[in-house]
Each structure stands twice: as C-alpha cells, then as structure tokens.
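A look at the structure
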Amino acid sequence: QVQLVESGGGLVQPGGSLRLSCAASGTIFSIYVMAWYRQAPGKQRELVATFINGRNTVYADSVKGRFTISRDNAKNTLYLQMNSLRPDDTAVYYCNLQQSGNEYWGQGTQVTVSS
C-alpha cells in the first residue's frame, strides 16, 4: 500500500505563487510515475504535470511556463511550484502515483486564486 499526503494549498491573489508538496509513504518500488492532477468545480479531473521516463516532464498547455514539477527521490516527495497563478487555476490539486499496475491518489489540497 502507498499513502500520499498533499500540502501547501491555500488562498492566493492572482499573480501569486504557491508550492505544493506530496509526501509518499508505504511500499514504493524503484520504478514509479508521479504526477499532479487538478479538478475544478463542475469539471473533469485533468493532468497538470508529470514525469515521463523518470526525468522528462510534461505539462498541460494551460500551465506551461508557470508551473514546475520536481521530485526528491530520497524523500519520496513530489513538488509543484506554481507561479503567476490565475483565477482559472482554482481547483483541488491531487497527487498521483502509479506503480506495478496500481494507482494511488492523495486526498487533495485546495488552491483558490482570488482577489
């Protein structure tokens, strides 16, 4: 089993920044994929950013140039640095881990961008 705990969400003004963290614990193998998703009210959950092949990164078009995904393998922690936040970034952000055919989700952290 794998547990994912997100933190770092909150209320921020447009143009501001937040850094999300996702701490993974439990049985984690050497090969796994981690990603950030988000779900806004009334919308489907969408991929925000992920690592491909452990090193390359992929971003949603809407966040390119503003968000940066990173990871600390020693700490099994995933990060999402979010800059130049906009009201349409408001959503619950979820951490996702996939390994050995299994998929795990965190409980989500709310990000609200509003003046």
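The structure displayed is predicted, hence computed values, not measured ones.

1. Overview of the sheet that holds strand 3 (residues 18-26)
Here we have four strands laid out as an open sheet, ordered 1-3-8-7, and antiparallel in their pairing. The open sheet has two edge strands, strand 1 (2-7) and strand 7 (67-72), and neither has a second partner. Across the sheet, the mean angle from the axis of one strand to that of its neighbour is 15°, orientation sign disregarded. Relative to strand 8 (residues 77-82), strand 3 runs antiparallel, the two sharing six bridges. Considered in strand 8, the bridge of L20 is made with L80.

2. Details of the packing of aromatic side chains
Within the structure shown, the criterion is met by two aromatic pairs. Put simply, the rings of Y37, Y94 and W105 pair up and form one aromatic cluster. The ring of Y79 has R19 sitting right over it, with the charged end atom 4.0 Å from the ring centre. One residue, R45, lies across the ring of Y94, its end atom 3.7 Å from the ring centre.

3. Looking at the environment of Q98
Note that Q98 resides in strand 9 (residues 91-99). Sequence separation of Q98 and V2 is 96 residues, and the distance between their C-alpha atoms is 9.8 Å. Each residue touching Q98, except ones within four places of it in the same chain, is listed here: Y32, V33, Y37 and E103. Within the structure, Q98 has its side chain in polar contact with the side chain of N96 (distance 3.2 Å).

What counts, and at which threshold
- Residues numbered from 1 in each chain as written.
- Predicted model: local features only at pLDDT ≥ 70, side-chain atom pairs only at ≥ 80, totals over all residues.
- Heavy atoms only, no water.
- Pairing = 2+ DSSP bridges.
- Helix = DSSP H or I, 4+ residues; strand = E, 2+ residues; numbered from the N terminus.
- Axes fitted to C-alpha atoms, helices over the stretch in contact; angles between N-to-C directions.
- Phe/Tyr/Trp six-rings, centres within 6.5 Å; stacked < 30°, edge-to-face > 60°.
- Lys NZ or Arg CZ within 6 Å of the ring centre and 35° of its normal.
- Contact = heavy atoms within 4.5 Å.
- Polar contact = N/O pair within 3.5 Å; in protein donor to acceptor, adjacent residues only side chain to side chain.

As far as function goes, none of this settles anything; it's purely spatial.
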